Each structure stands twice: as structure tokens, then as C-alpha cells.
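# Understanding the architecture of this molecule
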Amino acid sequence: MVSQHTYNVEIVWTGNRGTGTNGYRSYGRDLRIIASGKPEIDGSADSTFHGDADRWNPEELFLTSLAQCHMLSYFHAAVKAGVVVTAYSDAPTGTLDVNSDGSGGFSQVTLRPRVRLAPGSDTDAAVRAHEEAHRLCFIANSVSIPIHVEPEIDIDEAESAS
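### Some remarks on the overall build of the protein chain
When helices and strands are counted, the protein chain shows three helices and nine strands. The secondary structure elements of the protein chain, listed N-terminal to C-terminal, are β-β-β-α-β-β-β-β-α-β-β-α. Its C-alpha radius of gyration of 20 Å places the protein chain more than 25% over the 15 Å reference for a compact globule of 162 residues. Its C-alpha atoms give the protein chain principal-axis dimensions of about 65 × 40 × 40 Å. When the 162 residues of the protein chain are sorted by exposure, 29% land in the buried category.

### Observations regarding the pattern of salt bridges
Between side chains of opposite charge, a pair can form as their charged atoms come close. This model, assessed by the stated rule, comprises eight salt bridges. In this structure, arginine 135 and glutamate 132 form a salt bridge, with 2.8 Å as the shortest nitrogen-oxygen distance. On the criterion of helical spacing, the pair formed by arginine 135 and glutamate 132 is a turn pair, its members being three residues apart in helix 2 (residues 123-136). A relative accessible area of 23% means that glutamate 132 is categorised as partly exposed. The structure contains a network of salt bridges with shared partners spanning Asp30, Arg32, Glu40, Asp42, Asp52 and Arg55.

Rules used in this analysis
- Residues numbered from 1 in each chain as written.
- Predicted model: local features only at pLDDT ≥ 70, side-chain atom pairs only at ≥ 80, totals over all residues.
- Heavy atoms only, no water.
- Helix = DSSP H or I, 4+ residues; strand = E, 2+ residues; numbered from the N terminus.
- Rg over C-alpha atoms; globule rule 2.2 N^0.38 Å.
- Buried < 20%, exposed > 50% of the residue type's maximum accessible area, 1.4 Å probe, protein only.
- Salt bridge = Lys/Arg side-chain N within 4 Å of Asp/Glu carboxyl O.

In C-alpha cells form, the structure reads like this:
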């Protein structure tokens, strides 16, 4: 290990409707996600689990963490490979399996990064950079489920036409 970093966040439950958790449907699942110096995030459970659909849920934040980490790792790998990225988006999906006792977990996640490259970029190198990004991603390396990466890569035609 070369270095070690510690991260801290705070969550504060805001769903007490006056009677605490005296019954399964008597309390809200609302919470605030707080990190020093950053805007707070409104969190909740997924609406399937009696949460507020207008707030972020942990399942969405899990997918976001994987996609964001892959993107940032991809940028690093792209620079090393001489690949110039001009646009990037992702629409990750994940499968959550819930057991009869209420336990469960994600069984797989698929990242679908859409990458636009500068004219003259090597698309093969761009694909290989995704493989390197997956190997480097801290979050992907922290989970045991399969994470599939299905990149879509194209060349920025608007720039190449000028």
C-alpha cells in the first residue's frame, strides 16, 4: 500500500413523524447526507420500500458511485493512452435481488458509458482505456459483484467537419 485516505460523511434521519419508529409505516425514511463543505443531499429509501421517490436512495447512489469512479478512472487511462475525450455520459443499471426475509443485494451492474472522442483519436485505444479504468476504479475494486462495461465510442464529427 502506497497511501491511505479516510473519507467521512454524516447521515441524519429526518423522518420522525412524532412517534419515532413505533410502527413500520409510522416513520419516514427521509435523511440528509452531509459532507463538510459540500451541498447536502436529500436521501430516502426507494419508493418500493416506503421512501420518498423525489429523494436519492442508496441504490441510486451505489450506481452513481460506480459510474462516477469509472468515468474518472477512464479519464486518467485515456490521458495515459493519448485519447482525447470531448464528451462523456453513462446510464448505469443494476439488478437488486431481494429475498423473502427482506435481505438482498445487487447481483450485477452494467455501465454504459457513451464517449465522444476528438477527431483522429484511436478508438481501439479508447476501448482499452475502459478496461484499464475498470481495473483502476476504487469503487469497482471494493465490491464483489460483476460489473459489466458496455462502452459506446464515437468521433466528434462536429469538430472534424471544421
